[in-house]
Amino acid sequence: MASPLFAEIGPTGVAAWRQVIGGLALLVLLRPTLSRRPPRTWLLIAGLGTAMASMNVLYYLAVDRLPLGVAASLLYLGPFVLATVAIRDRRQLVWPILALAGVLAVTRPDQAIAGTFWGVLAGALAAVALALYTLLSHRLGSRAGYGELALAVGFSGLLLTPVAITHTPPSSSGIWVTLTVIGVIGVGVAFLLDYIGLRLAGPVVVATLFAFDPAIGAMLGGLLLGDHLTAITLAGIGLIIAAGVGLTRPTPSRLGPRPRPPSPKS
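(A) The overall build of the chain, seen in detail. In terms of helices and strands, the chain carries 11 helices and 0 strands. Beginning at the N terminus, the succession of helices and strands in the chain can be written as α-α-α-α-α-α-α-α-α-α-α. Looking at the chain residue by residue over its 266 residues, the buried ones come to 47%. Look at the contacts in the chain between residues 6 or more apart in sequence, and 86% of them connect residues 24 or more apart. When the accessible area of the chain is evaluated, it comes to approximately 13,900 Å², of which 70% is carbon and sulfur surface.

Following this line, the structure appears as structure tokens:
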């Protein structure tokens with residue numbers, strides 16, 4: 001929904017306005033207070049907001065210069081590296097590797113026209129920002145509530161407000177409807193769900209499950225837009241699903257130690 005707006009207000013303008021609108025939506029919904037927070041929490045809020053703003057602007061700059069499949073693959077490299085480094089049990093490395101293979105199969109960057117150097121650089125930096133976003137969201141979620149998330153998204157919108165003002169669309173334009181939808185859903189709802197997932201499952205699982213984004217996009221394209229899903233695309237979706245199931249399934253280490261059998265003397 002966002003890319004058609006690039007011709008009207010540019011990729012940075014779209015990224016800025018969706019961040020401002022998403023931040024306002026969460027602030028209104030969650031109504032956080034500004035008191036009783038230690039300086040460390042405020043640093044996490046500011047760091048998370050900066051990562052959010054950077055990730056959105058850089059990714060949209062990459063999408064503007066690269067085919068969507070290439071940009072999506074570059075973006076997933078951040079969570080992939082994060083999940084790979086954070087895994088302690090080397091046997092679990094198979095799941096992020098499977099997810100990466102699935103993303104490459106779905107997006108098929110090898111069949112896309114090579115983009116500019118600046119597009120690749122923007123995509124790589126967006127991947128770094130997404131990895132930082134994942135880590136900081138988990139860190140903040142482990143010590144704070146949902147009000148802190150609203151403040152972080154609001155801070156990201158505040159950082160991008162000057163950019164939004166300089167890329168204001170016409171007041172009578174239907175662009176505002178699209179910006180509101182992608183701001184509320186694509187930023188407010190999406191970041192809230194990410195935050196909940198990171199609090200419950202941790203950064204390794206959520207970072208790997210980010211691979212579902214291009215898979216869902218491909219399936220929606222096939223169902224709603226009539227896109228042809230090749231056998232390679234379907235195989236890639238299967239790999240991503242397998243990675244998600246494998247990484248999130250209960251294992252003895254996640255279930256905790258087994259209870260000891262009763263002593264024969266008892």
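(B) Layout of the pattern of salt bridges. Across all of its chains, the model carries 1 salt bridge by this definition. For E148, the salt bridge is made with R37, and the minimal N-O distance between the two is 2.7 Å. Note that E148 is positioned in helix α6 (residues 146-166) and R37 in the loop between α1 (6-30) and α2 (39-65), a separation of 111 residues in sequence. Here E148 and R37 have matching classes, each one buried.

(C) Fine view of the nonpolar core. Formed by 49 residues in total, the largest nonpolar core has its most connected members in V14, M52, Y59, Y133, L149 and L179. A per-element tally of this core places α2 first, with 13 residues. Counting residues in each nonpolar core, the second largest holds 5 residues, with Y76, A99, L100 and V103 among its members.

(D) Local environment of unusual backbone geometry. The phi torsion at R31 lies on the positive side, around 50°, for a residue other than glycine. Within the secondary structure, R31 is located in the loop between α1 and α2. Judged by relative accessible area, R31 falls into the exposed class, the value being 69%.

(E) Quick look at the environment of L74. Tracing the backbone shows L74 in helix α3 (residues 68-86). Take L74: its relative accessible area is 15%, and that puts it in the buried class. Taking the C-alpha atoms as reference points, L74 and A62, 12 residues apart in sequence, are found 9.1 Å from one another. Each residue touching L74, except ones within four places of it in the same chain, is listed here: L66, V120, G123 and A127.

(F) Layout of the packing of α2 against helix α5 (residues 117-141). Put simply, α2 and α5 touch, their axes get as near as 7 Å, and they point 150° apart. Comparing their axes, α5 and α2 come out roughly antiparallel. As α2 runs across α5, the sense of the crossing is left-handed. For the contact of α2 with α5, a count of residues per class yields 20 nonpolar, 6 polar and 3 charged.

(G) Focus on the packing of α2 against α6. Two numbers describe how α2 lies on α6: the axes approach to 8 Å, and their chain directions differ by 50°. As summarised for this structure, α2 and α6 are arranged oblique, according to the angle between their axes. Where α2 crosses over α6, the two elements pack in a sense that is right-handed. On α6, the residues that touch T41, W42, I45, A46, L48, G49, T50, M52, A53 and V57 of α2 are E148, L149, L151, A152, V153, F155, S156, L159 and L160. Taken together, the residues that form the contact of α2 with α6 break down as 14 nonpolar, 4 polar and 1 charged.

(H) Spatial organisation of a nonpolar patch on the surface. Side chains of V177, V181, V184, I185, V189 and L193 sit close together on the surface and give an oily, nonpolar patch of about 490 Å² of accessible area. Note that V177 resides in helix α7 (residues 175-201).

(I) Layout of the side chain of S156. Relative to the helices and strands, S156 is located in helix α6. Classification of S156 as buried rests on a relative accessible area of 0%. A polar contact of 2.9 Å, which involves the side chain of S156, links it to the side chain of Q19. Those residues in contact with S156, other than ones at most four positions away along the chain, are Q19, G49, M52 and A53.

(J) Summary view of the confidence of the model for the chain. On average, residues of the chain score 75 in pLDDT, and 69% of them reach the 70 mark or higher. Within the chain, no element has a lower average pLDDT than helix α11 (residues 252-255), which sits at 41, and none a higher one than α6, at 91. Segment residues 250-266 is flagged for pLDDT under 50; beyond a separation of four residues in sequence, or across chains, it makes 6 contacts in the model.

(K) The arrangement of the packing of aromatic side chains in detail. Applying the stated rule across the entire model yields 4 aromatic pairs. Ring centres 6.3 Å apart and planes at 50° place the aromatic pair Y59 and Y60 in the tilted group. Comparing Y59 with Y60 shows no difference in burial state: the two are buried. With centroids separated by 5.2 Å and ring planes inclined at 40°, the aromatic side chains of Y133 and F191 adopt a geometry described as tilted. Linking Y133 in helix α5 with F191 in helix α7, this pair joins segments that are 58 residues apart in sequence.

What counts, and at which threshold
- Residues numbered from 1 in each chain as written.
- Predicted model: local features only at pLDDT ≥ 70, side-chain atom pairs only at ≥ 80, totals over all residues.
- Heavy atoms only, no water.
- Helix = DSSP H or I, 4+ residues; strand = E, 2+ residues; numbered from the N terminus.
- Buried < 20%, exposed > 50% of the residue type's maximum accessible area, 1.4 Å probe, protein only.
- Contact = heavy atoms within 4.5 Å.
- Areas by Shrake-Rupley, 256 points an atom, 1.4 Å probe, with all protein chains shown as cover.
- Salt bridge = Lys/Arg side-chain N within 4 Å of Asp/Glu carboxyl O.
- Core = buried A, V, L, I, M, F, W, Y, C linked by side-chain atoms within 4.5 Å.
- Axes fitted to C-alpha atoms, helices over the stretch in contact; angles between N-to-C directions.
- Parallel < 35°, antiparallel > 145°, perpendicular 65-115°, else oblique.
- Left-handed = near helix turned anticlockwise from the far one by under 90°.
- Nonpolar A, V, L, I, M, F, W, Y, C, P; charged D, E, K, R; others polar.
- Patch = residues over 30% accessible without salt bridge, like charges linked within 9 Å, V, L, I, M, F, W, Y side chains within 5 Å.
- Polar contact = N/O pair within 3.5 Å; in protein donor to acceptor, adjacent residues only side chain to side chain.
- pLDDT = per-residue confidence, 0-100.
- Phe/Tyr/Trp six-rings, centres within 6.5 Å; stacked < 30°, edge-to-face > 60°.

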